[in-house]
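# Observations on the three-dimensional arrangement
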Amino acid sequence: MDMSLKDVLESIQMAARSVGAEVASPWFYLQFGIILAAAGLAYAADTAIHARVDMSSLAMRWPLPLRHFARVMVKSASTAVFAVLMIISRIVMWHATWPSRSYLIAVSAKLALAWLVIRLVTSVIDNAFIVKLVSIAAWVVAALSIIGQLDWAAETLDSFAVVVGGLRLTPLLLIKAGALLIVALWLSNIASNFIDGQITRSTDLTPSIQVLLVKIIRIGLMVVAVAIALSAVGINLSALAVLSGAVGVGIGFGLQKIVANFISGIILLVDKSVKPGDLVTIGDSQGRISAMKTRYISVAAGDGREFLIPNEDLVTQKVTNWTYTDKNTLVKIAFAVNYDADPRLVCKLAIDTAAAHARALKGKPPNCILTEFAELGMKFSLTFWIADPDGMDNVKSDVMLALWDAFKQQGIRVPYPVRELRIRGGALPVESVVEVSN
């Protein structure tokens, strides 16, 4: 215990002597002057860049993550310029004199790079935990590099290993693989979003083909990103064959529904039975398809709700697609009138009222037929066509209100239930008829 304390004290004394010697050296003041000059140049460059670059229109046509990256680089121009100047100064002094005479410049460059990495990560990641984790990792790496213990830390992390199926797993390998995977998946997401925008803007492709191409490209880019990241850290993909096979069997049993929904989604995209923008009725849910995902489709009801319906349900259940082959929609209105009305006049009024609506198709005239002589009156069915099923209930309401006004003008009454009460004996000496309307 005493020996360990003595070693620590000696290390502290040696570090203090080194710092004292460094401060007493004229090279320390040269480095300090270079750092101050670089800071001044970085501040001037930052002012010039902000004066000439319009942040509101910067990289507007770029994908969103790259746009964030460019804007953060502009906002952090002083840090970026300072880091570049420090790196250049370090390289020049490394070749011109002893490496120890540019140590302070190297420390400044590493700290500037760590700060720049943290700024970039925090600009594209909203998760506070990941941001904090990356920040700590950046400062730890910078600190280890400054004190010259980065290689020792890497060797220590690589000394602990677990062999699985011929694959040697170490903490260092997992850290490298995780970092490269995050970067590779981020870049693949940027590329897939850019390609998604290009495909969506194409007018030669149907919505179903657009969604199918986007899904295939997105999955393909993710597979390529994972393969590149694992190969970059030295993981032989063939070594994962046995492990991935066993994991695949377990996942296959545990995720049957997810796989079924994924395959059903591919089938829906290929057979084009439903596509984004279609108005569908599935069970008790009705609305317009707003998105088709890998596991489900999103159906917007029009009142703020969205139904997330698994793809498998669309393949196995009855689906009413109002816009499958033709968006023209037949609107049906059933109504009844009293027997004292002229049925021919009623049909004429109904046809004229429906034809006068702004959304009624002129090429397909309305039709009205007498369907039944019922107990309470004559029943009619009015049908007419509109160009799109959107707002069909509003159209029906408008026509029914206009039909009510037309009946009022012509004195045509809508029947209502009548109840007849016959009282025999009691207080009333005569037979009475009482009408009760419901």
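Note that the coordinates shown come from a computational prediction; the quantities given were computed from them, not determined experimentally.

Before going further, it helps to examine helix H13 (residues 343-355). With 13 residues, H13 extends 18 Å between its outermost C-alpha atoms, agreeing within 8% with the 18 Å of an ideal straight helix rising 1.5 Å per residue. Every buried residue of H13 is accounted for by Val 346, Cys 347, Leu 349, Ala 350, Thr 353 and Ala 354. Seen from one end, H13 has its buried residues packed into an arc of 165°, which puts them on one side. Turned more than 90 degrees away from the buried face of H13, the exposed residues are Arg 344 and Lys 348. Where H13 is buried, its residues touch strand S8 (329-337), strand S9 (367-373), strand S10 (378-386) and helix H14 (392-410). Two or three places before Arg 344, at the opening of H13, Asp 342 has a side-chain oxygen 3.1 Å from that residue's backbone nitrogen.

The subject of this paragraph is the sheet that holds S9. Read across the sheet, three strands follow the order S8-S10-S9 without closing on themselves; strand pairing throughout is antiparallel. Two strands in the sheet have a free side with no partner beyond their single neighbour: S8 and S9. Averaged over all pairs of adjacent strands, the angle between their axes in this sheet comes to 25°, without regard to strand direction. Note: S9 against S10, six bridges, orientation antiparallel. Counterpart to Glu 372 in the pairing with S10 is Lys 379. Helix-sheet contacts for H14 involve S8 and S10, and the interaxial angle to S8 is about 35°.

This part is about a nonpolar patch on the surface. The grouping of Val 259, Ile 263, Ile 267 and Val 315 at the surface amounts to a nonpolar patch, some 300 Å² of accessible area in total. By residue number, the principal contributor to the nonpolar patch is helix H11 (residues 256-271), which donates three residues. For Val 259, a relative accessible area of 42% corresponds to the partly exposed category.

Attention shifts here to the pattern of salt bridges. This structure, assessed with the given rule, holds four salt bridges. For Asp 278, the salt bridge goes to Lys 275, with nearest N and O atoms at 3.2 Å. Close ionic contact of Arg 288 with Asp 388 constitutes a salt bridge, the shortest N to O distance being 3.4 Å. Taken together, the residues Arg 288 in strand S4 (residues 285-292) and Asp 388 in the loop between S10 and H14 connect sequence positions 100 residues apart.

Quick look at the pairing of S4 now. Alignment of strand S3 (residues 279-282) against S4, held across four bridges, turns out to be antiparallel. Residue pairing in the sheet places Val 280 in a bridge with Gly 287 of S4. Linkage of S3 to S4, two consecutive antiparallel strands, is achieved through a turn of two residues, within which Gly 283 is found at a positive phi near 65°. Of the strand pairs in this sheet, S4 and strand S5 (residues 296-300) are connected by four bridges, and their pairing is antiparallel. Opposite Met 292, over in S5, you have Ile 297 as the bridge partner. What sits between the antiparallel neighbours S4 and S5 is a turn of three residues.

Below, the discussion takes up the UniProt feature "transmembrane region" (unreviewed entry) in the protein. The UniProt entry lists residues 27-51, 72-96, 102-122, 129-152, 172-195, 216-243 and 249-270 under the feature "transmembrane region" (unreviewed entry), expressed in the numbering used here. Regarding residues 102-122, the helix share stands at 95% and the strand share at 0%, and the terminal C-alpha atoms are separated by 31 Å. A helix fraction of 100% and a strand fraction of 0% characterise residues 172-195, whose end C-alpha atoms lie 34 Å from each other.

Following the sequence through the fold, Ala 39 ends up in helix H2 (residues 26-52). Given a relative accessible area of 37%, Ala 39 falls into the partly exposed group. The spacing of Ala 39 and Ser 78 is 39 residues in sequence and 7.9 Å in space, taken between C-alpha atoms.

Summarising the element assignment, Thr 383 is placed in strand S10. Those residues in contact with Thr 383, other than ones at most four positions away along the chain, are Leu 330, Val 331, Lys 332, Pro 366 and Asn 367.

Here we come to the nonpolar core. In terms of nonpolar packing, the biggest core is built from 23 residues, with Phe 335, Val 337, Val 346, Phe 380, Leu 382, Phe 384 and Phe 407 touching the most fellow members. For this core, the secondary-structure elements that each account for two or more residues are S8, H13, S10 and H14. Counting 13 residues, the second-largest nonpolar core is a separate cluster that includes Leu 269, Val 280, Ile 282 and Met 292.

Moving on, we come to the environment of Ser 285. Counting through the fold element by element, Ser 285 comes out in strand S4. Residue classification places Ser 285 among the buried positions, given a relative accessible area of 17%. Placed 16 residues apart in sequence, Ser 285 and Ala 301 show a C-alpha to C-alpha distance of 7.7 Å. If sequence neighbours within four positions are ignored, Ser 285 has contacts with Val 280, Phe 307 and Ile 309.

Glancing now at the side chain of Thr 79. Structurally, Thr 79 is set in helix H4 (residues 77-96). Sequence-distant contacts of Thr 79, defined by excluding residues within four places in its chain, comprise Ala 112, Trp 115 and Leu 116.

Here is what the cut-offs are and how they apply
- Residues numbered from 1 in each chain as written.
- Predicted model: local features only at pLDDT ≥ 70, side-chain atom pairs only at ≥ 80, totals over all residues.
- Heavy atoms only, no water.
- Helix = DSSP H or I, 4+ residues; strand = E, 2+ residues; numbered from the N terminus.
- Expected span 1.5 Å × (residues − 1).
- Buried < 20%, exposed > 50% of the residue type's maximum accessible area, 1.4 Å probe, protein only.
- Arc of directions from axis to C-beta.
- Contact = heavy atoms within 4.5 Å.
- Polar contact = N/O pair within 3.5 Å; in protein donor to acceptor, adjacent residues only side chain to side chain.
- Pairing = 2+ DSSP bridges.
- Axes fitted to C-alpha atoms, helices over the stretch in contact; angles between N-to-C directions.
- Patch = residues over 30% accessible without salt bridge, like charges linked within 9 Å, V, L, I, M, F, W, Y side chains within 5 Å.
- Areas by Shrake-Rupley, 256 points an atom, 1.4 Å probe, with all protein chains shown as cover.
- Salt bridge = Lys/Arg side-chain N within 4 Å of Asp/Glu carboxyl O.
- UniProt positions renumbered as here; feature names shortened; annotations may be inferred.
- Core = buried A, V, L, I, M, F, W, Y, C linked by side-chain atoms within 4.5 Å.

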